[in-house]
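# Overview (structure and organization)
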Number of protein chains: 2
Amino acid sequence: MRPEDFTIGILGGGQLAKMSAQEARKLGFSVLVLDPTPGCPASMVAEQIAGSFQDENKIFELAERSDVLTYDIENVNIKALKKIEKEKPVIPSSKTLEIIQDKLIQKKVLKKAKVPVPEFWGLNSIEELEELLPVVQKARKGGYDGRGVAVLRDEKDLDKALPVPSYAEELVDIDKELGVIVARDADGNTEVYPVVEMVFDWRANLLDMLIIPARMDNEITRGAQEIAVKAVEAVDGVGVFGVEMFLSKDGRLLVNELAPRPHNSGHYTIEACTTSQFEQHIRVVADLPLGSAELLTPAVMINLLGSRESRGRPAYLGIREALTIPGVYVHIYGKKRVFPFRKMGHVTVVDRSPERAIEKARRVKSLIKVVGDESEAPRGNNNGK
Amino acid sequence: MRPEDFTIGILGGGQLAKMSAQEARKLGFSVLVLDPTPGCPASMVAEQIAGSFQDENKIFELAERSDVLTYDIENVNIKALKKIEKEKPVIPSSKTLEIIQDKLIQKKVLKKAKVPVPEFWGLNSIEELEELLPVVQKARKGGYDGRGVAVLRDEKDLDKALPVPSYAEELVDIDKELGVIVARDADGNTEVYPVVEMVFDWRANLLDMLIIPARMDNEITRGAQEIAVKAVEAVDGVGVFGVEMFLSKDGRLLVNELAPRPHNSGHYTIEACTTSQFEQHIRVVADLPLGSAELLTPAVMINLLGSRESRGRPAYLGIREALTIPGVYVHIYGKKRVFPFRKMGHVTVVDRSPERAIEKARRVKSLIKVVGDESEAPRGNNNGK
């Protein structure tokens, strides 16, 4: 094996690509990323080609200089990937990505493979939603982090309906939102990670805190892991996948979404598992054996989001004090600009005691704030650490 | 804190700089390294200035573009560092480095601070060695990894004497060779790491295997840690230090050498401790609080050295098979050329059971081989993984 002669090409140069590239660099591999933003996070640890994910020529340039292609985003040009696949491995495959990109097709494929999902209905027109209330409307393509999802409880909500090709899903009475990372190699071997409990901040429809392991019976945990593996097999997935699931109040485990890449809900794996999701990603694309997904310690992860009024160049307050707490790991992605609720970094907190881990995470959350130098209502932006 | 506006300048771009830079990148810091070899290991994750460590102009260029200067080697131009220190922090200080660079002065300073060291004598001429046999002759400056040390047991060995400024040390009857990493910040706070037991391959005078924690009584372990902290305080050390010690057969703990930087014997800290020595290094240079040095799991570390006949561009055999073993972490530094016994990477093995960790490490050692494409006696160099 000559790792420096093996180039891993990544479509997308954000924090996911950065963290995968970090693992690739540990093994001595070369990494090349395509991203429209010069100085993207991954460019700290990899070479960057600046260009759009829809630009076929740029994608071909990336492919030509790489030995394998992978991605850290979903919205890539599938036509270009299909052409490349004739010459080079693309992981996950364009076939898998095509299924996942269209959420209605994704649900149909999962249902056919007997993976439990919420009830869903195709829509010929937005008007059909009225009969289905209360219901969740989902854009078929392009949704990310809550965008492309409209929760419609009654007629008043109908003006929130999304004017895009969409479908409808049962409005599940959710007890817990769960995440399971699954890695699967070309031979069909799988490693399934612990189940994480995602606690939501409903105001912004983004993650508040992520607790590992999820606070549930072992039986339900095992059930969630089995379903997650089945979901990845259903889409012929090779690579690392983030499987988002619901535990409904009436006790059903239901798959909500698949992401064909390392996932935000898996960042805790860096410090808390034997093999991080990012190392696993590199192992699969470099055709190396899967590593153990064993959980080594309870953990809590929180995202560092741009604060509500933040704009411009970011500054991170409270880091110094947060770092006095043992078992606190701070990750700052290096994005050059901040805006409200943008994912600028994350913090993972580990502790032998799950309760103490949650306590420490709450403290970290109260300490750290991400502000910007062009904020409209600056709040004593003192550049303190 | 605006990490991207903070540049950490590192003199030296080898694997130590690479691993420190990796930690700096997690926090979003900028990193610049000075190294004579284009495409040095750290250049994968940092910007490189190509140049010599003795070239004042290059060192000034590095300093000008950095907010703080540190290093991953000892043999740097002290005069240049002293000039820079008037304007910018240099960590560790030139004063500390000056003491450490001259091993006789190092020993004198430690002895004065009541840190236990082997007996030692200054030498005015090489002839004085004859009266001291059996004795160890050490070059005052420039020694690294066994070079600059001559073990002289009887008159026959005198022709091995080093023709350089040197001093003499007691030939200690060694029971164990130990390593302790110590981090100390500008306020004098310290974090001391577990004691590691270094098992040597006497043929090459290099490490065979490193076992953590050292197999000794708690009392001796604590004694070693206290002595290590005292040694770093004796040289006014700020930063991360590798303290090499002996446990003699007559039960004395003696300091052998200090390294003013993260140390080979501390690589296990990446996976086995709460805060790796590299993250700790970045915390100190960026004036962040020290992290916990707690040991999370027993571990064994082995170096991946160029095999005896290796030359040219390296290839790594047996990696794939080694990675099937759970708890095996492979690090390949990315050096472009291999030669016999060159440090090309390392592997850390973790396991809840210390005995199993040693077993697994032996297996890994038997699996992995680092060869070169210009070897004189190629041994079926099949580029297998």
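Per an unreviewed UniProt entry, chain A goes by the name N5-carboxyaminoimidazole ribonucleotide synthase and belongs to Thermococcus indicus. The Catalytic activity (unreviewed entry) comment attached to chain A in UniProt states, word for word, "5-amino-1-(5-phospho-beta-D-ribosyl)imidazole + hydrogencarbonate + ATP = 5-carboxyamino-1-(5-phospho-D-ribosyl)imidazole + ADP + phosphate + 2 H(+)". On record in UniProt, under Subunit (unreviewed entry), the comment for chain A is "Homodimer."

## Remarks on the overall build of chain A
Regarding its fold elements, chain A presents eleven helices and 18 strands. Taken against the 2.2 N^0.38 rule, which gives 21 Å for 385 residues, the C-alpha radius of gyration of chain A at 21 Å falls within 12% of a compact globule. Considered along the principal axes of its C-alpha atoms, chain A spans approximately 55 × 55 × 45 Å. Taking all 385 residues of chain A together, the buried fraction comes to 61%.

## Some details on the UniProt feature "binding site: ATP" (unreviewed entry) in chain A
All names here are of chain A. Residues given the UniProt feature "binding site: ATP" (unreviewed entry) here are Lys103, Lys138, Glu169, Glu170, Leu171, Val172, Glu177, Asn256 and Glu257. Classification of Glu177 by relative accessible area gives buried; the value is 10%. Beyond its immediate sequence surroundings of up to four residues, Glu177 is in contact with Val196, Glu197, Met198, Phe200, Trp202, Met245 and Phe246. Position of Asn256 relative to the elements: it lies in strand E13 (residues 253–259). What makes Asn256 buried here is its relative accessible area of 9%. The residues touching Asn256, leaving out its near neighbours within four places in the chain, are Gln106, Lys107, Lys138, Glu169, Glu244, Met245 and Phe246.

## A look at the packing of aromatic side chains
Evaluated as defined, the whole model comprises two aromatic pairs over all chains. Across the ring face of Phe120(B), the terminal group of Lys111(B) is positioned such that the distance to the ring centre comes to 5.5 Å.

## Considerations on the domain arrangement of chain A
Domain annotation of chain A identifies domain 1 (3–90), domain 2 (119–170) and domain 3 (174–373). One C-alpha centre belongs to domain 1 of chain A, the other to domain 2 of chain A; they are set 34 Å apart.

## Remarks on the relation of the copies chain A and chain B
For the match of chain A to chain B, the screw axis carries a shift of 0.0 Å, the RMSD comes to 0.1 Å, and the turn is 180°. When the rotation and shift are considered jointly, the pair of chain copies conforms to a two-fold rotation axis. If distances are taken from each C-alpha of chain A to the rotation axis, the shortest is found for Val45(A), at 2.1 Å. Looking at chain A, 100% of its interface residues are interface residues in chain B too, so the copies touch through the same face.

## Describing the nonpolar core
Judged by nonpolar contacts, the single largest core of 128 residues is most densely connected at Phe29(A), Val347(A), Val364(A), Phe29(B), Val347(B) and Val364(B). Discounting residues that sit within four places of it in the chain, Val364(B) has contacts with Ile302(B), Ala322(B), Ile325(B), Val328(B), Val347(B) and Val349(B).

## Topic: the sheet that holds strand E3 (residues 47–50) of chain A
All names here are of chain A. In space, the four strands of this open sheet follow the order E3-E2-E1-E4, with parallel pairing throughout. Edge positions in the sheet fall to E3 and strand E4 (68–71), since each has one partner strand and no second. Sheet twist, expressed as the average angle between the axes of neighbouring strands with direction ignored, equals 25°. Relative to E3, strand E2 (residues 30–35) runs parallel, the two being bridged by four bridges. Bridge assignment links Asp35 to a residue of E3, and that residue is Ala50. Sheet strands in contact with helix H1 (residues 15–26) are strand E1 (7–11) and E2, and its direction is about 165° off that of E2.

## Things to note about unusual backbone geometry
In this structure, the amide linkage connecting Ile91(A) to the following residue, Pro92(A), adopts the cis form with an omega of -5°. Position of Pro92(A) among the secondary structure elements: in the loop between helix H3 (78–85) and helix H4 (94–101). Each neighbour pair has its own omega, and for Ile212(B) with Pro213(B) the value is 0°, a cis peptide bond. Take Pro213(B): it is sitting in the loop between strand E11 (206–212) and helix H7 (218–234). Its identity is not glycine, yet Lys114(B) carries a phi of approximately 65°, on the positive side.

## Examining helix H1 (residues 15–26) of chain B
All names here are of chain B. A rise of 1.5 Å per residue sets the reference length of H1, with its twelve residues, at 16 Å; its end C-alpha atoms lie 17 Å apart and thus fit the reference within 8%. Turning to H1, its buried residues number three or more, namely Gln15, Leu16, Ala17, Lys18, Met19, Ser20, Ala21, Gln22, Glu23, Ala24 and Arg25. Positioned one or two residues after H1, Gly28 has a phi angle of 85°, which is positive.

## Section: a negative patch on the surface
Residue and element names in this part refer to chain A. Together, Glu127, Glu130, Glu131 and Glu155 make up a region of like negative charge exposed at the surface. Here Glu155 is to be found in the loop between strand E7 (149–152) and strand E8 (166–170). The exposed category is assigned to Glu155, whose relative accessible area is 51%.

## Concerning the packing of H4(A) against helix H5 (residues 103–112) of chain A
Residues and elements named next belong to chain A. Relative to each other, H4 and H5 sit at 105°, their axes nearing to 5 Å. Taken together, the axes of H4 and H5 are roughly perpendicular relative to one another. Between H4, through Ile99, Ile100 and Gln101, and H5, the contact on the second element is made entirely by Lys103, Ile105, Gln106 and Val109. Partitioning the contact of H4 with H5 into residue classes produces four nonpolar, two polar and one charged.

Thresholds applied
- Residues numbered from 1 in each chain as written.
- Chains lettered and ligands numbered in written order.
- Predicted model: local features only at pLDDT ≥ 70, side-chain atom pairs only at ≥ 80, totals over all residues.
- Heavy atoms only, no water.
- UniProt positions renumbered as here; feature names shortened; annotations may be inferred.
- Helix = DSSP H or I, 4+ residues; strand = E, 2+ residues; numbered from the N terminus.
- Rg over C-alpha atoms; globule rule 2.2 N^0.38 Å.
- Buried < 20%, exposed > 50% of the residue type's maximum accessible area, 1.4 Å probe, protein only.
- Contact = heavy atoms within 4.5 Å.
- Phe/Tyr/Trp six-rings, centres within 6.5 Å; stacked < 30°, edge-to-face > 60°.
- Lys NZ or Arg CZ within 6 Å of the ring centre and 35° of its normal.
- Domains from an automatic or database assignment.
- Least-squares fit on C-alpha atoms with pLDDT ≥ 70 in both.
- Core = buried A, V, L, I, M, F, W, Y, C linked by side-chain atoms within 4.5 Å.
- Pairing = 2+ DSSP bridges.
- Axes fitted to C-alpha atoms, helices over the stretch in contact; angles between N-to-C directions.
- Expected span 1.5 Å × (residues − 1).
- Patch = residues over 30% accessible without salt bridge, like charges linked within 9 Å, V, L, I, M, F, W, Y side chains within 5 Å.
- Areas by Shrake-Rupley, 256 points an atom, 1.4 Å probe, with all protein chains shown as cover.
- Salt bridge = Lys/Arg side-chain N within 4 Å of Asp/Glu carboxyl O.
- Lys, Arg positive; Asp, Glu negative; His and termini not counted.
- Charge placed at Lys NZ, Arg CZ, Asp CG, Glu CD.
- Parallel < 35°, antiparallel > 145°, perpendicular 65-115°, else oblique.
- Nonpolar A, V, L, I, M, F, W, Y, C, P; charged D, E, K, R; others polar.

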